[in-house]
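Single-letter residue listing:
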Amino acid sequence: QVQLVESGGGLVQPGGSLRLSCTGSGRTFSAYAMAWFRQAPGKEREFVAAIRSGGSTYSADSVKGRFTISRDNTKNTMYLQMNSLKPEDTAVYYCAARNTGLSLSSRDYNYWGQGTQVTVSS
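The following paragraphs examine the structure supplied in this document. (Residues numbered from 1 in each chain as written. Predicted model: local features only at pLDDT ≥ 70, side-chain atom pairs only at ≥ 80, totals over all residues. Heavy atoms only, no water.)

What to know about the pairing of strand 9 (residues 91–98)
Here is step 1: Burial runs high along strand 9: seven of the eight residues are buried.
Here is step 2: Across seven bridges, the pairing between strand 4 (residues 33–39) and strand 9 is antiparallel. From the neighbouring strand, arginine 38 faces strand 9, where its bridge partner is tyrosine 93.
Here is step 3: The pairing of strand 9 with strand 10 (residues 111–112) spans two bridges and is antiparallel. When the bridges of strand 10 are listed, alanine 97 appears paired with tyrosine 111. (Buried < 20%, exposed > 50% of the residue type's maximum accessible area, 1.4 Å probe, protein only. Helix = DSSP H or I, 4+ residues; strand = E, 2+ residues; numbered from the N terminus. Pairing = 2+ DSSP bridges.)

Regarding the side chain of aspartate 89
Here is step 1: For aspartate 89, the position within the fold is in the loop between strand 8 (77–82) and strand 9.
Here is step 2: Residue aspartate 89 is classed as buried on the basis of its relative accessible area, which comes to 1%.
Here is step 3: The residues contacting aspartate 89, other than those within four sequence positions of it, are Arg38, Arg66, Phe67, Ser84, Val118 and Val120. (Contact = heavy atoms within 4.5 Å.)

Describing the state of the cysteines
Here is step 1: In this structure the tally under the stated criterion is one disulfide.
Here is step 2: Note that cysteine 22 is cross-linked by a disulfide to cysteine 95, the S-S spacing being 2.1 Å. Judged by the sign of its S-S torsion, about 60°, the cystine formed by cysteine 22 and cysteine 95 is right-handed. Of the two residues, cysteine 22 sits in strand 3 (residues 18–24) while cysteine 95 sits in strand 9, which places them 73 residues apart along the sequence. Assigned by exposure class, cysteine 22 and cysteine 95 land together as buried. (Disulfide = S-S within 2.5 Å.)

Let's talk about the sheet that holds strand 7 (residues 67–72)
Here is step 1: Within the open sheet, the four strands sit side by side as 1-3-8-7. Their pairing is antiparallel. Since the sheet does not close on itself, it has two edges, and those belong to strand 1 (4–7) and strand 7, each with one partner. Across the sheet, the mean angle separating the axes of adjacent strands is 15° when strand polarity is ignored.
Here is step 2: Both strand 3 and strand 8 contribute to a ladder of six bridges, which runs antiparallel. Within strand 8, the position partnered with serine 21 by the bridge is tyrosine 79. (Axes fitted to C-alpha atoms, helices over the stretch in contact; angles between N-to-C directions.)

Some points on the pattern of salt bridges
Here is step 1: One pass over the full model with this rule turns up four salt bridges.
Here is step 2: For the salt bridge of arginine 38 with aspartate 89, the shortest nitrogen-to-oxygen distance reads 2.9 Å. Within this pair, whereas arginine 38 is found in strand 4, its partner aspartate 89 is found in the loop between strand 8 and strand 9, the two being separated by 51 residues in sequence.
Here is step 3: Between lysine 64 and aspartate 61 there is a salt bridge; the shortest N-O distance is 3.3 Å.
Here is step 4: Through salt bridges with shared partners, one network takes in Arg38, Glu46, Arg66 and Asp89. (Salt bridge = Lys/Arg side-chain N within 4 Å of Asp/Glu carboxyl O.)

In structure tokens, the structure reads:
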């Protein structure tokens, strides 16, 4: 089992950058596939990016070229570097973990953090 805690959210102007972190407890963090999802008010939770235990990644088309997912297993931490932020990126961002393989569906993830708010506004 793993517990996840996100940090790094905040208010940023359009075109700005933020880096989100997700730190996990437990000695088996490196074995989990990890992902970022986001949920805007009145909308369903949507996939942002995912990373396998070995480091290969997949990102949603809406964030390709702007967001980069990475992980440092020595620190039990996953990151989401967000550049060129747009107002439509405003949402609560959640990190998630599952035991095997990547998935774009939130239903396939067993463990979730509490979320961190990202607001992009001038």
